[in-house]
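A look at the structure
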Amino acid sequence: MAVDSPLSSQLGPPVCERDAKALHFIEETTSHADSVQDRVLTEILTRNSQTEYLTRFKLNGATDRETFKSKLPIITYEDLQPEIHRIANGDRSAILSAHPISEFLTSSGTSAGERKLMPTIKEELDRRRLLYSLLMPVMNLYVPGLERGKGLYFLFVKSETRTPGGLLARPVLTSYYKSDHFKTRPYDPYNVYTSPNEAILCPDSFQSMYAQMLCGLLQRQQVLRVGAVFASGLLRAIRFLQLNWPQLTQDIETGALNPKLTDPSLREYMDKILKPNPELAEYVRHECSKDNWEGIIARIWQNTKYLDVIVTGAMAQYIPTLDYYSGGLPLACTMYASSECYFGLNLNPMCKPSQVSYTIMPNMAYFEFLPRDPNSFGFPRDSPPKLVDLVDVEVGKEYELVITTYAGLYRYRVGDILRVTGFHNSAPQFHFVRRKNVLLSIDSDKTDEAELQKAVENASRLLREFNTRVVEYTSYADTRTIPGHYVIYWELLGKDSANSPTDEVLKQCCLAMEESLNSVYRQGRVADNSIGPLEIRVVKNGTFEELMDYAISRGASINQYKVPRCVNFTPIMELLDYRVVSSHFSPASPHWTPERR
Ligand code: AMP
């Protein structure tokens, strides 16, 4: 039921007073995007005017865009490394931000094989909470009645470490779930989760997932939406159910909790809510024991109206699998965010995944856009490109996102490529095109071409004693399995057929590649189980020549042809797979610890 509110919104009639305020805020902020951006930049530059970073560039207190743009360079994480190092090592002076750096957020983007450390300040939590608070008011415009049930969300905390100077370093969501903003959030009928805080905050990923799944099953009739942050996480939950339903149903039947759940606060909570329920156990057992799991989500959680998961960007590869398990439930991508800054939200969350556009909220940071010339690589240092302001981007064009944040990143290249699809009031809306330099991704891992090359080089050392070398390679993120895994196609050239590398040696090559990949990949393999063992598929000699012939037959220039280092086009996959002579999997987990090297 819509409320009559003086705060009307062109987005649609709000369902309650709180929603009316949120929608009004969106309208106001997007209608005055340019003046909000002006205010944000002025605030950031005023409060940080005495920081070491800003004084270095002689802003002399100026807060206008022209001076800012003419004096401050556009930077990447690598440029900030010295400052980040000093902060991590305990320097508490105002280097980047006048407000003390409260912790580091560990990005899934890496630098030199380790997660990037993003400085943040306490008040950023308020900005994140503000963006979260806008999501349901928008969703309520499209899906009525969500206050009558609950959300089954699989949410997890990950391990955290401290820098040498004592600052916490952890992923942004871990920081958010552990904050009072989340833990002691006031009751909100539109945001009731089946997962208790005890389960979400449990550091043991098995116990956390088990408890969240059990709570979801116990409250299956109340569940109106099912979600996780990324599509890969939701599929991992489905896989977990496939592996653990016998024990889960036994717990439900008997009312006695699996003894593997040892976390005291989790046990205490579960003991309170778990009562013998043979009827429910029988229902779940009946569904799960079928060979066909098509539509399992809609069968178990029959009242589910949509899946709340990000399926844009690298996660688009999971859409067919999600459709299979959900029986085609709508997929809602609600927001676009990062460790550096939360950016914006999807004002039409029930649209098709291919139509998703995110509206960047002008109050979150100061945004600039680096026009993309699809034919150029980078830009010369002596003629810096002209960056475009938020309200000046053009529909249809692609840009790289550059941000200036309250926490002390100035003209920082995030690495995301966005295409403008339209405007909401004066705020542009963007299709997420891709992240720069990402070749392979299964979960939050991002492997670039250089990392893959290094990994192949390191692994192929093991072939030397067999007088064998890797003459060509390419790769593929295989997401048909859950969890997905990297497949690397190798064409080998051996000088001595009597002494060719054995299966055991090639397995060790798989492991050597994994050891060489970045820490986000290895954490996915070891701690999160979100990535399966790497596979090498050895192909027949001459396969890569055939690949080139195929590309040329489709119009590639023979002079400019380069072996693609990642493939996903079905005819090419078929060409490669048809020529596989042997396949080998990593036999063990690579090395990983939460500590940084
Ligand atoms: P992290 O800093 O590890 O949280 O990763 C942030 C990155 O994840 C962003 O810069 C994007 O590349 C990607 N990302 C976040 N939200 C979305 C989204 N809604 N769609 C596509 N990619 C996203």
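Definitions and limits used
Each chain has its residues counted from 1, following the order in which its sequence is written. Predicted model: local features are reported for residues with pLDDT of at least 70 only, side-chain atom pairs are reported and counted for 80 or more only, and whole-chain, interface and lining totals are derived from all residues. Processing note: side-chain calculations cover all non-hydrogen atoms of the structure and skip hydrogens and water entirely. Any two strands are treated as partners once DSSP identifies two or more bridges connecting them. Secondary structure counts use DSSP, requiring at least four H or I residues in a row for a helix and at least two E residues in a row for a strand, with both numbered from the N terminus. Residues are treated as being in contact if the distance between any of their heavy atoms lies within 4.5 Å. Angles run from 0 to 180 degrees between N-to-C directions of axes, and those axes are lines fitted to C-alpha atoms, restricted for helices to the stretch in contact. Buried, partly exposed and exposed residues are distinguished by accessible area as a fraction of the type maximum, computed with a 1.4 Å probe on protein chains only: under 20%, between the cut-offs, and over 50%, respectively. Residues adjacent in sequence count toward polar contacts only when both atoms are side-chain atoms; beyond that, a polar contact is any pair of N or O atoms within 3.5 Å, and within protein one must be able to donate a hydrogen and the other to accept it. Note on aromatic contacts: the rings of Phe and Tyr and the six-membered ring of Trp form a pair at centre separations within 6.5 Å, being stacked when their planes are under 30 degrees apart, edge-to-face when over 60 apart, and tilted otherwise. Distance and angle both matter: a charge sits over a ring if NZ of Lys or CZ of Arg is within 6 Å of the ring centre and within 35 degrees of the ring normal. UniProt positions are given in the numbering used here, feature names are shortened, and annotations may be inferred rather than shown by experiment. An angle below 35 degrees is treated as roughly parallel, one above 145 as roughly antiparallel, one from 65 to 115 as roughly perpendicular, and anything else as oblique. In this scheme the crossing of two helices becomes right-handed for a clockwise turn of the near helix relative to the far one and left-handed for an anticlockwise turn of less than a right angle. Residues are labelled near a given molecule or strand when at least one of their non-hydrogen atoms is within 4 Å of it. In these tables, accessible area is a Shrake-Rupley quantity obtained with a 1.4 Å probe, and a residue counts as shielded only by the protein chains included in the view. Basically, the charged four are Asp, Glu, Lys and Arg, the nonpolar ten are Ala, Val, Leu, Ile, Met, Phe, Trp, Tyr, Cys and Pro, and anything else, Gly included, counts as polar. Any two cysteine sulfur atoms within 2.5 Å of one another count as a disulfide. When charges are counted, neither His nor the chain ends are considered; positive counts come from Lys and Arg and negative counts from Asp and Glu. Salt bridges are identified by distance alone: a Lys or Arg side-chain nitrogen within 4 Å of an Asp or Glu carboxyl oxygen. The directions considered for the arc run from the helix axis to the C-beta atoms.

So, the sheet that holds strand β15 (residues 412-424)
Taken in spatial order, the 8 strands line up as β9-β10-β11-β16-β15-β14-β12-β13 in an open sheet, and their pairing is antiparallel. One side of each edge strand has no neighbouring strand; the edge strands of this open sheet are β9 (335-337) and β13 (388-389). Sitting on the sheet, helix α6 (residues 124-142) touches β9 and β10 (342-345), and the angle it makes with β10 is about 10°.

Notes on the side chain of Q37
By secondary structure assignment, the location of Q37 is in helix α2 (residues 33-47). The exposure class of Q37 is buried, given its relative accessible area of 1%. A polar side-chain atom of Q37 sits 2.8 Å from the main-chain carbonyl oxygen of A365. Contacts of Q37, omitting those with residues within four sequence positions, involve R65, P362, A365, Y366, F367 and L390.

Focus: the packing of aromatic side chains
The geometry of an aromatic ring pair is captured by the separation of the ring centres together with the interplanar angle, meaning the angle of the planes. Taken as a whole and judged by the stated rule, the model has 20 aromatic pairs. Pairing Y336 with F432 gives two aromatic rings, centres 5.8 Å apart and planes at 75°, and the pair type is edge-to-face. One end of the pair, Y336, is in strand β9; the other, F432, is in strand β16 (residues 427-435), and 96 residues separate them in sequence. Overall, Y336 belongs to the buried group, its relative accessible area being 7%. A centroid spacing of 6.0 Å and a plane angle of 80° characterise the contact between F369 and Y399, whose relative ring orientation is edge-to-face. Residue F369 is located in strand β12 (residues 366-371), and its partner Y399 is located in strand β14 (residues 398-404); the two are separated by 30 residues in the primary sequence. Y399 sits in the buried class, given a relative accessible area of 2%. Every member of this aromatic cluster is reached through a ring pair, and the members are Y132, Y176, Y177, F182 and Y342. Geometry around F182 places R185 over its ring, the cationic atom sitting 4.1 Å from the centre.

Observations regarding the UniProt feature "domain: GH3 C-terminal" (unreviewed entry) in the protein
Taking the numbering used here, the UniProt-annotated feature "domain: GH3 C-terminal" (unreviewed entry) corresponds to residues 451-569. Taken end to end, residues 451-569 is 36% helix and 22% strand, and its first and last C-alpha atoms sit 22 Å apart.

What to know about the packing of helix α19 (residues 543-553) against helix α20 (residues 570-578)
For the pair α19 and α20, interaxial distance at closest approach is 10 Å and the crossing angle is 155°. Relative to α20, the element α19 lies roughly antiparallel. Handedness of the crossing formed by α19 with α20: right-handed. Residue-level contacts link T543, E546, L547 and Y550 of α19 to P571, I572, L575 and L576 of α20.

Overview of the site of the ligand
Surveying the vicinity of the ligand reveals 16 residues, the closest of which are S108, T312, M335, S339 and D416. Within the side chain of Y358, one N or O atom sits 2.9 Å away from a nitrogen atom of the ligand. When isolated, the ligand has an accessible area of 500 Å², and the protein chains bury 89% of it. Ranked by the residues each element gives to the shell around the ligand, the list is headed by β9, at 3 residues. In terms of residue class, the shell around the ligand is made up of 7 nonpolar, 6 polar and 3 charged.

Observations regarding the environment of M335
Mapped onto the elements of the fold, M335 is located in strand β9. For the pair M335 and L218, spaced 117 residues apart in sequence, the C-alpha to C-alpha distance is 29 Å. In this structure M335 touches L131, Y132, L135, I310, Y342, G344, L345 and Y358, once residues within four positions along its chain are discounted.

Some details on the state of the cysteines
Under the criterion given, the structure shown has 0 disulfides. No disulfide involves C333; its nearest neighbouring cysteine sulfur is the one of C351, lying 7.3 Å away. Take C333: its relative accessible area is 1%, and that puts it in the buried class.

A few points about the side chain of R115
For R115, the location among the structural elements is in strand β2 (residues 114-120). For the buried R115, no salt bridge is present, and the opposite-charge side chain at shortest range is D528, 5.5 Å distant. Of the polar contacts made by the side chain of R115, one reaches the backbone oxygen of S107; its length is 3.3 Å. Engagement of the side chain of R115 in a polar contact is seen with the side chain of Q523, the distance being 2.9 Å. For R115, the residues in contact, after removing those within four places along its chain, are T106, S107, S108, G109, T110, S519, V520, Q523 and R596.

With respect to α19
Regarding α19, the residues found buried are T543, F544, L547 and A551. Buried residues of α19, seen end-on, are gathered within an arc of 95° and therefore sit on one face of the element. Within α19, the exposed residues directed more than 90 degrees away from the buried face are E545 and S553. Each element contacted by the buried residues of α19 is listed here: β17 (468-478), β18 (485-494), β19 (535-539) and α20. Looking at the residues trailing α19, positive phi occurs at G555, about 110°.

Brief notes about the pairing of β12
β12 sits mainly inside the fold: 5 of its 6 residues count as buried. Strand direction decides the pairing type here: β12 and β14, joined by 6 bridges, are antiparallel. Each bridged residue has a counterpart across the sheet, and for Y366 the counterpart in β14 is T404. Sheet analysis places β12 next to β13, joined by 2 bridges and oriented antiparallel. Within β13, the position partnered with F369 by the bridge is V388.

Focus on the sheet that holds strand β8 (residues 331-332)
Reading across from one edge, β3-β6-β7-β8 is the order of the 4 strands in this open sheet, with parallel pairing throughout. The strands lining the two open edges of the sheet, one partner per strand, are β3 (150-154) and β8. Pairing analysis gives 2 bridges linking strand β7 (residues 306-310) to β8, with the strands arranged parallel. Directly across from L307, in β8, lies its bridge partner L331. Helix-sheet contacts for helix α10 (residues 205-218) involve β3 and β6 (223-230), and the interaxial angle to β3 is about 160°. On top of the sheet, helix α11 (residues 231-254) reaches β3, β6 and β7; it is set at about 120° to β6, its chief contact.

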